[in-house]
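The residues making up each chain are set out below.
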Amino acid sequence: MNKNNLIALAFILLCHIAFGQEAKENYVLIQPGDTEKDIIAKAANVTPSPRQLRWQQLELTAFFHFGINTFTDKEWGDGTEDPQIFNPTALDAKQWVLAAKNAGIKQVIITAKHHDGFCLWPTATTNHSVAASPWKAGKGDVVKEVAGACRAYGIGFGIYVSPWDRNASVYGTDAYNDFFVAQLTELLTRYGRVDEVWFDGANGEGPNGKKQVYDFERWYQLIRNLQPAATIAIMGPDVRWVGTESGYGRETEWSVVPANNLDQAEIASGSQRDLVFKPQGDMTGNDLGSREKILNAKGLVWYPAETDVSIRPGWFYHAKEDDKVKTPKKLQDIYYSSVGRNGVLLLNIPPDKQGVIHKNDVANLVAWRKMIAGTFAVNLANGAGTNIGKSGKHMLDGDYDTYWITKRKDTTAVIELNLKGSKTFDVLLLQENITIGQRIEKFVLEYQEGNEWKTIATGTTVGYKRLIRFDPVTAKKVRLRILSSRLNPTLSELGLYKQVQP
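Quick caveat: nothing in here was measured; it's all calculated off a predicted structure.

Criteria and cut-off values
Residues numbered from 1 in each chain as written. Predicted model: local features only at pLDDT ≥ 70, side-chain atom pairs only at ≥ 80, totals over all residues. Heavy atoms only, no water. Helix = DSSP H or I, 4+ residues; strand = E, 2+ residues; numbered from the N terminus. Rg over C-alpha atoms; globule rule 2.2 N^0.38 Å. Buried < 20%, exposed > 50% of the residue type's maximum accessible area, 1.4 Å probe, protein only. Contact = heavy atoms within 4.5 Å. Areas by Shrake-Rupley, 256 points an atom, 1.4 Å probe, with all protein chains shown as cover. Phe/Tyr/Trp six-rings, centres within 6.5 Å; stacked < 30°, edge-to-face > 60°. Lys NZ or Arg CZ within 6 Å of the ring centre and 35° of its normal. Salt bridge = Lys/Arg side-chain N within 4 Å of Asp/Glu carboxyl O. Axes fitted to C-alpha atoms, helices over the stretch in contact; angles between N-to-C directions. Parallel < 35°, antiparallel > 145°, perpendicular 65-115°, else oblique. Left-handed = near helix turned anticlockwise from the far one by under 90°. Nonpolar A, V, L, I, M, F, W, Y, C, P; charged D, E, K, R; others polar. 1 Å grid on protein atoms, 1.4 Å probe; cavity = no way out; pocket = protein on both sides within 12 Å on 5 of 7 lines; lining within 4 Å. Points joined across faces, edges and corners; volume = space filled by probe spheres on them. Polar contact = N/O pair within 3.5 Å; in protein donor to acceptor, adjacent residues only side chain to side chain. Core = buried A, V, L, I, M, F, W, Y, C linked by side-chain atoms within 4.5 Å.

(A) Spatial organisation of the overall build of the protein chain. A count of helices and strands for the protein chain gives twelve helices and 19 strands. What you see for the protein chain is a C-alpha radius of gyration of 24 Å, in line with the 23 Å of a compact globule of 502 residues. If one aligns the C-alpha atoms of the protein chain with their principal axes, the spans along those axes are about 75 × 60 × 40 Å. Looking at the 502 residues of the protein chain, the share that counts as buried comes to 56%. For the protein chain, contacts bridging at least 24 residues in sequence account for 78% of all contacts bridging at least 6. Total accessible area on the protein chain is roughly 20,700 Å²; 51% of this is exposed by carbon and sulfur atoms.

(B) A look at the environment of D215. Along the chain, the position of D215 falls in the loop between β5 (196–199) and α8 (216–226). On the basis of relative accessibility, which here comes to 30%, the residue D215 falls in the partly exposed class. A sequence separation of 37 residues divides D215 from D178, and the C-alpha atoms of the two residues are 9.4 Å apart.

(C) Structural context of α8. If you check which residues of α8 are buried, you get F216, W219, Y220, L222, I223 and R224. Looking at the buried positions of α8, the neighbouring elements they touch are α3 (50–58), α7 (174–189), β5 and β6 (231–234).

(D) Just the packing of aromatic side chains, in detail. Inspection of every chain in the model, using the stated rule, returns 30 aromatic pairs. An aromatic cluster of three or more residues is present, and its members are Y171, Y176, F179, F180, F199, Y214, F216, W219 and Y220. Positioned over the ring face of W254 is R486, at 3.6 Å from the centre of the ring.

(E) Local environment of α3. Turning to α3, its buried residues number three or more, namely R51, Q52, L53, W55, Q56 and L58. Phi for E59, located one or two positions after α3, is positive at around 70°.

(F) Looking closely at the pattern of salt bridges. Tallying each qualifying case throughout the model produces 24 salt bridges. Here D322 ties to R312 by a salt bridge, and the two come within 2.9 Å at their closest N and O atoms. Here D322 is found in the loop between β10 (305–310) and α11 (328–338), whereas its partner R312 is found in the loop between β10 and α11, with ten residues between them in sequence. Given a relative accessible area of 18%, D322 falls into the buried group. Through salt bridges with shared partners, one network takes in R54, R193 and D195.

(G) Geometry of the packing of helix α5 (residues 93–102) against helix α6 (residues 142–153). The geometry of α5 relative to α6 is characterised by a closest axis approach of 8 Å and an angle of 45° between their N-to-C directions. With respect to their mutual orientation, α5 and α6 come out oblique. The element α5 and its partner α6 pack so that their crossing is right-handed. Across from A93, K94, W96, V97, L98 and K101 in α5, the residues of α6 making contact are V142, E145, V146, A149, C150, A152 and Y153. Taken together, the residues that form the contact of α5 with α6 break down as ten nonpolar, no polar and three charged.

(H) Region of the structure containing empty space enclosed by the protein. Counted under the stated rule, the structure contains one cavity of 30 Å³ or more. Within this model, the largest cavity holds a volume of roughly 50 Å³. What lines the largest cavity is F66, G67, I68, N69, T111, K113, H114, D116, F118, L120 and F316. Secondary-structure elements contributing two or more residues to the lining of the largest cavity are α4 (68–72) and β3 (107–113). Residue composition of the lining of the largest cavity, grouped by class: five nonpolar, four polar and two charged.

(I) Inspection of the side chain of T490 at higher detail. Topologically, T490 is positioned in strand β18 (residues 490–491). For T490, a relative accessible area of 1% gives the class buried. Within the structure, T490 has its side chain in polar contact with the backbone nitrogen of N433 (distance 3.2 Å). Here T490 is in contact with Y403, W404, I405, Q431, E432, N433, I436 and I440, once residues within four sequence places are set aside.

(J) Geometry of the nonpolar core. F86, V108, I110, V142, F157, F199 and W368 are the most contacted members of the largest nonpolar core, which totals 76 residues. Per element, the largest residue contribution to this core is seven residues, and it comes from α7.

Structural data, given as structure tokens:
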């Protein structure tokens, strides 16, 4: 190491010592001698990786569950289906992607292979694919059409590949992991940029009656090598499942959670600079990242929640559900309870047998988007005077990258807003700057009535985005009191809004 590098390293270390902070990474080890104060400081400085930050900022993503099940009218196939039944004569991937984009969705994921093993691309690994179907005389490629539509409309493209394969004869043997790697390699090298790879945890029996031991570590490394920008969810190192398929996240959602399987030797050697392991433990409980949980951890990792739900009762299209599409009002409620609870919403929109999104789904998506866009078009707090000086403008400028942070070592704060006239609102928006860390633990919003401050709403975690609804309030002055935080709290955005009703 040359002299200049040594000086730079010394400067960085001195900064960390001076400010009591760990280096910004998406993981940290807890050492045996760490005090509670040390652990809280470490937790406050765990931050998302670039791919995790990009994913979080999408807010809305979509699933397209489509495949052989669409034609059998089932949710799960058994792998014995005849590829001849797959024939979406009017398939229009651009219609799918445009329907999603018009709903405000920023990225879509196609079910390239479900548990039945039927592949939506012409693969060299099996005959159980679109190449054996009458669709486009066996020359079609659904994955290619969806990837092309994503590029045409400028949104992200992802793939779902089921590890469980009820058709593959090698499932349940060591050879299956080679088979799966070959399928992944095809998908990750033929279609340009892949932004997300989605695995679920399904692990049932194959044709030979055996279950498979999945070589996830090998798969993760392959993805990192071939598509380094892709997030790996849900059985993966980047994104976790929220725990239900209802579309509703936790009221208290920490993105920093315990990881007791961090390898200290590998981290010390620098070989785990970019984590490619899935944190162990139950990630579906009500409390994942409270002080009680992290104080007993061996390590901490940034591991945010994805909240998934289908626009219909089922995940694949069923004609009998055409009148059961979730209403715009229901979708609005789900939005507040997923994106508004520090999560990313993954909304399934299944194409029908013709290969198009049904008109009922499209209509409800458009109406939902209109409600959300109308609600958040105008921040009623814009232009408000504050008690925190010039830095207060950073919370009201609509720019996530600018932010307010408390001075010195303050872990509480009172932010008063003079709205300069009476305003009526029923939604609070808060955003932390998660590139600094997730820190806020408890807050309360109040309004002034005469000389008295009255409570409007209370909350715990904020994270990337927190939305809280309440009965309409008309006020000239409001204040946000941050009651507890892990080190200095930050706010990138603070907004007051009036909901647009259906």
